[in-house]
Amino acid sequence: VALVAYRTIKDDVPILYPSGSMFVGLILGIAVSRIFKITWDKRARKVISHLDAGGIVILVVYITFEIFRNKIVELFVNGTAVVATSFALLAGIMIGRVLGIRGKIMYEIDQNI
């Protein structure tokens, strides 16, 4: 996020690009957090995660997206705004994944303790 702010200020990028990109990244990150199925193991008294078939498909799509992220961003944004917007998208995805996984863990704990 600090790098996004730095590049936005340094490259004089309109705030709409990185903020919109971060919002889209948050939504994608929360969706991608679906990769892991999280359940509560009563014997071990801890949260267990594993991939299911749907998670594997999402993982393959996510990896493909990450490989071509800059090319995808270049379709919507030009010039110096590409770097800040691309980093904002990546930051949003990472934050969204953390929030999505945290939410699932908290739900499993609340349901089983």
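Everything here concerns the structure above.
Everything quoted here is computed from the prediction, not taken from an experiment.

Rules used throughout
- Residues numbered from 1 in each chain as written.
- Predicted model: local features only at pLDDT ≥ 70, side-chain atom pairs only at ≥ 80, totals over all residues.
- Heavy atoms only, no water.
- Core = buried A, V, L, I, M, F, W, Y, C linked by side-chain atoms within 4.5 Å.
- Buried < 20%, exposed > 50% of the residue type's maximum accessible area, 1.4 Å probe, protein only.
- Helix = DSSP H or I, 4+ residues; strand = E, 2+ residues; numbered from the N terminus.
- Contact = heavy atoms within 4.5 Å.
- 1 Å grid on protein atoms, 1.4 Å probe; cavity = no way out; pocket = protein on both sides within 12 Å on 5 of 7 lines; lining within 4 Å.
- Points joined across faces, edges and corners; volume = space filled by probe spheres on them.
- Nonpolar A, V, L, I, M, F, W, Y, C, P; charged D, E, K, R; others polar.
- Axes fitted to C-alpha atoms, helices over the stretch in contact; angles between N-to-C directions.
- Left-handed = near helix turned anticlockwise from the far one by under 90°.
- Expected span 1.5 Å × (residues − 1).
- Arc of directions from axis to C-beta.

Participant: Help me out: how do you make sense of the nonpolar core in this one?
Facilitator: Val 13, Val 32, Ile 35, Tyr 62, Val 73, Val 77, Ala 81, Val 82, Ala 84, Leu 89 and Ile 93 together form the largest nonpolar core, which totals 11 residues. No other element matches the five residues that helix H5 (residues 81–112) contributes to this core. Every residue in contact with Val 13, bar those within four places of it in the chain, is listed here: Arg 7, Thr 8, Pro 18, Thr 80, Ala 81 and Ala 84.

Participant: Explanation requested: the layout of surface pockets in the structure shown.
Facilitator: Space left empty within the atom packing is revealed by a probe, the size of a water molecule, rolled over the atoms. In this structure, the largest pocket encloses a volume near 230 Å³. Forming the boundary of the largest pocket are Tyr 17, Ser 21, Val 24, Leu 28, Phe 65, Ile 72, Val 73, Phe 76, Val 77, Thr 85 and Leu 89. Residue assignment for the lining of the largest pocket shows that the elements contributing at least two residues are helix H2 (16–32), helix H4 (69–76) and H5. Looking at the lining of the largest pocket element by element, the count peaks at four residues for H2. Across the lining of the largest pocket, the residue classes break down as nine nonpolar, two polar and no charged.

Participant: How should I be thinking about the packing of H2 against H5 in this particular structure?
Facilitator: Helix packing geometry: the angle between the two helix axes and the distance between the axes. Where H2 contacts H5, the axes come no closer than 6 Å and their chain directions differ by 35°. As for how H2 packs across H5, the hand of that crossing is right-handed. Here the residues of the contact of H2 with H5 sort into 16 nonpolar, seven polar and one charged.

Participant: Looking at this structure, how should I read H2?
Facilitator: In an α-helix, one full turn covers 3.6 residues, which means residues spaced three or four apart are oriented alike. Its 17 residues place the ends of H2 24 Å apart at the C-alpha level, agreeing with the 24 Å of an ideal helix rising 1.5 Å per residue. Within the sequence span of H2, burial applies to Pro 18, Ser 21, Met 22, Gly 25, Gly 29 and Val 32. All buried residues of H2 project into a common sector of 105° when viewed along the axis, lining one side. Turned more than 90 degrees off the buried face of H2, the exposed positions are Leu 16 and Phe 23.

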